[in-house]
Amino acid sequence: MTGLICLLIFLIPAGTLFANVPAVQEVAGKVLHAKSREPLPGVNILEKGTSNGTISDANGRFSLAVSPQATLIFSFIGFATREVSVGAASEVEILLEEDVKSLGELTVIGYGSQKSTQVTSAIAKIKASDLDERPIGRVDQAMAGKLAGVQVQEVSGAPGRGLAVKVRGVGSVNNSTAPLYVVDGFPVNSGLDNINPNDIESIEVLKDAASAAIYGSRGSNGVVLITTKTGKTGKPTLQLDTYYGVQERFSKVDVLNRDEYIDFAIEERNNTWILQGGKADDPNSVRTNANYWIDPLWLTNPKSFPDHDWQDLISRSAPVQNYQLSASGANDFVNYFVSGNYFDQKGIIIGSDYRRFAFRANVETRLGRRVNIGLNLSASSMDRNDSEGDSNQGPVSRSARVAPIVGLDQQTQRGGYYPYHAAFYLNPLALARELTNNTNSRNIRANMYATVKLAEGLKFRTSFGGDYLSNLTQYFKPDNINRGTGHVGSVSTATRDNLLNENTLTYDLNRGDWSLNALGGFTYQQDRLVNTSLSKTGFPDDEITTLNMGSILRDGSSSATEWTLLSFLGRVNMAWKDKYMVSASIRRDGSSRFGADNKWGWFPAGSIGWRVSEEPFLQDVNAISELKLRASYGVAGNNNIGDYASIGTLLGLNYILGSSQSVASGFGPGSFSNRNLGWERTYTFDGGVDLGLLGNRINLALDYYLSDTRDLLLNVPIPSVSGFSTTLMNIGAVRNAGVEVELSTVNTTGALKWTSSVNLSHNRNKVLELGPGGAPIYTTGDGFTTITKIGEPIGSYFAFVQDGVFRDKNELDTHPHYRVQNVGDIKFKDINNDGVINEDDRTIVGNNNPKVFWGMQHVFNYRNFDFTVFADGQWGNKLLNVAVGQHGQSRGNVDGYWRDRWRSPEDPGNGWVPRAAVTANLTTPSTFWLRSAAFVRLRTISLGYKVPVPESFPGISSARIYASIDNVWMHDHYNRNPQTGSYSNSNTRPGVDFDATYPLARTYTFGLNIKF
């Protein structure tokens, strides 16, 4: 009894004590990325005011016992810290936003990175998320319409074919204006088709000299920095990305059908025969040339002929598919990203396709506290079959020119030739099916590096890498599509070895309100290219196409070139209070390409910035969240000339000896040496404004630039007593000036989020100086002429101006003529008003440089759905089709505009298209050959859905399915191919077609992304 009393006495105060302890509340939940709604592992969760906490697991889930009414603090590197009062809830969902200030919005710059708020030069950027909006096969496709100041010209729709990229216009007359591409710090010459777009983390384009001058003699055309993916801290990720699509023909030329063609052919041949002195009712036996003959069935039974659409016959619905598996992760000791990719695109034209296998491994590991070593390794294998789709003698061209009345087996050696048709217009189906033109490319790029922390803020980085490319092209044209001249086969190879060594010291200092980043280093790069080719005829048949079966050596050659570049570089970036910024850089390049007395050059640059929004007088202006003014000036170079352009080279020559007249082979001078030959230099001023409004819901970037390229490399006439007529010299100048606008807005938030972005670019190209006396440079070819003249753009079209057609005899008699002209022919404008039409009336009639090009995108997010619409366009430029000079001939089919031709004074057509007749008048280059290159295109529509992953699938962290349409709609004036330049797209002959552009495709795609 006494013991029981004692026990009760003990339990009463104990129960009273426990009764005063608050009840414990169990809270569980999941932490997600606010934008992607993907789980965030490793998030720190702490009960406010205590040391009680936990971290989220691999699936973003957590569970924690807390006090009632507790407040939880969620923190994670790179994300804004969030405090949440849980109240009485037992299950919560936490969305964390990326912390822009914490992340610093880093922008990749040459040999490093910089906080975006401190960037004082003109740099455009594409993020990895922007690449997911539409399936693409090449890196340059990702830039199309996305970046202000970056013109991406889709010259051809052929699978695997590269796009023409120009940054802020054309700055050279004779040399390449393609930008320098740098992949993970490695300047590459091996092309872009070996890069898998799914591996890309970001693309930065250095547009002004201040940003590009760090690349010295290679920076004047802009620099494209491509950064591939690395691992991210947290749970290791395994990701599967795949899509499958179907392509259909989007671009098609309007041509005459059977009845229209027969009507045209009869009219043209009668008119042309009359010009020869004949009569329209003369029989074929009287007509002296088959070009004037008329098939009797055209008159008696035209319906007996087929009505073939050759463009449809060579086209097909073609699949495109892509599969990628990647693994990535990072911790305190290792960071890795490994991927494998397979891409397969069948062409919409029979006989064309492109296939790529790609592998990438980006690995970095930590050795102790001071040393990191890493490797960027990529390997790719590409195979491309091209049935000469962009050739003016290929199947695409011939599908528009072979008449619809020709039989399916005609226009070949086996099937015979329709006698009332030009024999050189070969059967497009046979061309597509029987021609072999296969290119196999193999590329390996490896760059090993080590970073050593020498002291606090001081790092040394050294790297050594190599880029190896091998191309093998095998070509075979059988006799059946070679007009009876026999089988022809050829093989060509190209191998490129590119070696790079870079060594840099970087010093970072953050002290109080000051921040400093200093860079110094030197680099060495060497490139060697070897080409071989061999061609044979005399094949017994087309069963075995390898050259060992050919009995006659047709041609053979080989060449080897090499260049070396040695560079020293330095840069300093400084900022005070993240408000005032200054940057200065300098590079000294030594190139083997230039003259012995001018191999070295200096390339300095500087820029300043002022974040006005950080000043006290704007702190109370709530509408302005960001305002930065920036200005830059710098010098960059262009060394894209021949490897031995400064050196007098030898040329193979023959000499006849003695009375026997025997021929001896030898060598003689082939070019004139110039010891002072140097680089073209581009001096660029850029002024810009970055404005953010309403909490950065509206962001505007505005740039004005003035870029003068001097010391142009031009061939200048020299006295013939030297043994040469011209020599390459540094002389001349060209200017590019323009305005760029980039606008992005957050239109709505909440359940429905709508964002928009627009970019718009204007560039004016003008020649300032040329050779001695400032004489214009005329470039001729295939009947047309372009002119490069002071005060005008490079490569302007130079021709007669069409002033309608001669509608009747009165117009013919009252207007001056050019050569022999008749009623219904093209009427040319008398430019100088001297009453005579001659060569002096030729004038500049346009150019291929758009006055404005733009891109616009809208992205809608609602719950788990996302919807994207992307459009682009250009206006103010022209293109030239040299084949128009042959269009009036009925030896083959003609374009549909001939329906509106002049037929009689009573039926004058549209006043622009002349009569059907073969005359020198039609073959004279004029504005009749020009077309507008303006277009507006709805490029992409994409719909995606983030599939909720049930907890019963613990291995899957996220999944997304999507469907998209590419090349949805276009309004243009050139068969939905307004950016063509497949026949010629050089600086002095840009935007030239010859009825021979591989058509663009509309693509329907379904895709799947899964993260494990």
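Parameters and conventions
- Residues numbered from 1 in each chain as written.
- Predicted model: local features only at pLDDT ≥ 70, side-chain atom pairs only at ≥ 80, totals over all residues.
- Heavy atoms only, no water.
- UniProt positions renumbered as here; feature names shortened; annotations may be inferred.
- Helix = DSSP H or I, 4+ residues; strand = E, 2+ residues; numbered from the N terminus.
- Buried < 20%, exposed > 50% of the residue type's maximum accessible area, 1.4 Å probe, protein only.
- Pairing = 2+ DSSP bridges.
- pLDDT = per-residue confidence, 0-100.
- Contact = heavy atoms within 4.5 Å.
- Phe/Tyr/Trp six-rings, centres within 6.5 Å; stacked < 30°, edge-to-face > 60°.
- Lys NZ or Arg CZ within 6 Å of the ring centre and 35° of its normal.
- Axes fitted to C-alpha atoms, helices over the stretch in contact; angles between N-to-C directions.
- Core = buried A, V, L, I, M, F, W, Y, C linked by side-chain atoms within 4.5 Å.
- Patch = residues over 30% accessible without salt bridge, like charges linked within 9 Å, V, L, I, M, F, W, Y side chains within 5 Å.
- Areas by Shrake-Rupley, 256 points an atom, 1.4 Å probe, with all protein chains shown as cover.
- Salt bridge = Lys/Arg side-chain N within 4 Å of Asp/Glu carboxyl O.

Here, UniProt's "domain: TonB-dependent receptor plug" (unreviewed entry) annotation points to residues 118-223. Taken end to end, residues 118-223 has its terminal C-alpha atoms 20 Å apart, with 12% of it in helix and 26% in strand.

A few words on the pairing of strand E4 (residues 61-66). In E4, alternate side chains face the same way, and those of Phe62, Leu64 and Val66 are buried while those of Arg61, Ser63 and Ala65 on the opposite face are not. Sheet topology note: the strand E1 (residues 25-33)/E4 ladder contains six bridges and is antiparallel. By the bridge assignment, Ala28 is partnered in E4 with Ser63.

Next up on the list: the confidence of the model for the protein chain. A low pLDDT score tells you not to read the predicted coordinates there in detail. Counting all residues, the mean pLDDT for the protein chain is 91, and 97% of those residues have values of 70 or more. Considering each helix and strand of the protein chain separately, the mean pLDDT is smallest for helix H1 (residues 2-19), with a value of 38, and largest for helix H8 (residues 310-314), with 97. Segment residues 1-22: pLDDT under 50, and one contact once partners within four positions in sequence are set aside and those in other chains are kept.

Our focus in this paragraph is the pairing of strand E36 (residues 733-748). Sheet analysis places strand E33 (residues 698-710) next to E36, joined by 13 bridges and oriented antiparallel. Its bridge partner lying in E36, Asp703 is registered against Glu740. As paired strands, E36 and strand E37 (residues 752-769) are joined by 15 bridges and run antiparallel to one another. Each residue of the ladder has a partner; that of Thr748, found in E37, is Trp754. The antiparallel pairing of E36 with E37 creates a hairpin that spans three residues between the two strands, and Gly750 there sits at a positive phi of about 95°.

Once that is clear, we can look at the packing of aromatic side chains. For the structure shown, the criterion picks out 33 aromatic pairs. Joined through ring pairs, the aromatic side chains of Tyr261, Trp293, Trp298, Phe305, Tyr418 and Tyr420 make up one cluster. Positioned over the ring face of Phe870 is Lys146, at 4.3 Å from the centre of the ring. Between the NZ or CZ atom of Arg931 and the centre of the ring of Phe928, over which it lies, the distance is 5.9 Å.

Further remarks concern unusual backbone geometry. Backbone geometry follows two general trends: most residues other than glycine have a negative phi, and most peptide bonds adopt the trans configuration. For Glu388, which is not glycine, the phi dihedral falls at a positive 55°. Within the fold, Glu388 resides in the loop between strand E21 (371-385) and helix H9 (395-401). At Asp578, a position not held by glycine, the phi torsion is positive, near 55°. Here Asp578 lies in the loop between strand E26 (552-576) and strand E27 (580-591).

Next up on the list: the sheet that holds E1. Here three strands make up an open sheet; going across it, the order is E4-E1-E7 and the pairing mixed. In the strand order of this sheet, the two ends are held by E4 and strand E7 (91-96), each with one partner. Put simply, the sheet's adjacent strands are angled 30° from each other on average, direction ignored.

Judged by nonpolar contacts, the single largest core of 54 residues is most densely connected at Trp298, Ile405, Leu880, Trp898 and Phe928. Of all the elements in the fold, those that place two or more residues in this core are helix H6 (258-275), H8, helix H10 (428-434), strand E40 (796-799) and strand E42 (826-828). Counting residues per element, this core draws most heavily on H6, which supplies five residues.

Here we come to the sheet that holds strand E2 (residues 44-47). One open sheet holds the four strands; their spatial order is E3-E2-E5-E6, and the pairing between them is antiparallel. Each edge of the open sheet carries a strand with a single partner, namely strand E3 (53-55) and strand E6 (79-85). Taking each pair of neighbouring strands and ignoring which way they run, the sheet shows an average axis angle of 15°. When strand E5 (residues 71-76) meets E6, the two strands line up antiparallel, connected through five bridges. Its bridge partner lying in E6, Leu72 is registered against Val84.

On the surface, Tyr633, Phe685, Leu700, Leu702, Tyr704, Val739, Leu743, Val758 and Met856 cluster together to form a nonpolar patch covering roughly 680 Å² of accessible area. When residues of the nonpolar patch are traced back to their parent elements, those giving at least two are E33 and E36. For the nonpolar patch, the element with the most residues is E33, which contributes three residues. Here Val758 shows up in strand E37.

For Phe343, the location among the structural elements is in strand E19 (residues 334-346). Of the residues examined, Phe343 reaches a relative accessible area of 3% and is grouped as buried. Residues Phe343 and Glu97, 246 residues apart in the sequence, show an inter-C-alpha distance of 34 Å. Phe343 has contacts with Gly137, Tyr243, Val320, Gln321, Asn322, Tyr354, Arg355 and Arg356, leaving out every residue within four places of it along the chain.

This structure, assessed with the given rule, holds 60 salt bridges. Across the salt bridge formed by Asp643 and Arg593, the nearest N and O atoms sit 2.8 Å from each other. Of this pair, Asp643 sits in the loop between strand E29 (624-638) and strand E30 (650-657) while Arg593 sits in the loop between E27 and strand E28 (600-611); the two residues are 50 residues apart in sequence, bridging distant segments of the chain. For Arg593, a relative accessible area of 11% corresponds to the buried category.

With that settled, the discussion passes to the environment of Gly678. For Gly678, the position within the fold is in the loop between strand E31 (662-669) and strand E32 (680-693). The class for Gly678 is buried, based on a relative accessible area of 1%. Placed 177 residues apart in sequence, Gly678 and Gly855 show a C-alpha to C-alpha distance of 38 Å. In contact with Gly678, not counting residues within four places along its chain, are Phe594, Asn598, Leu713 and Asn730.

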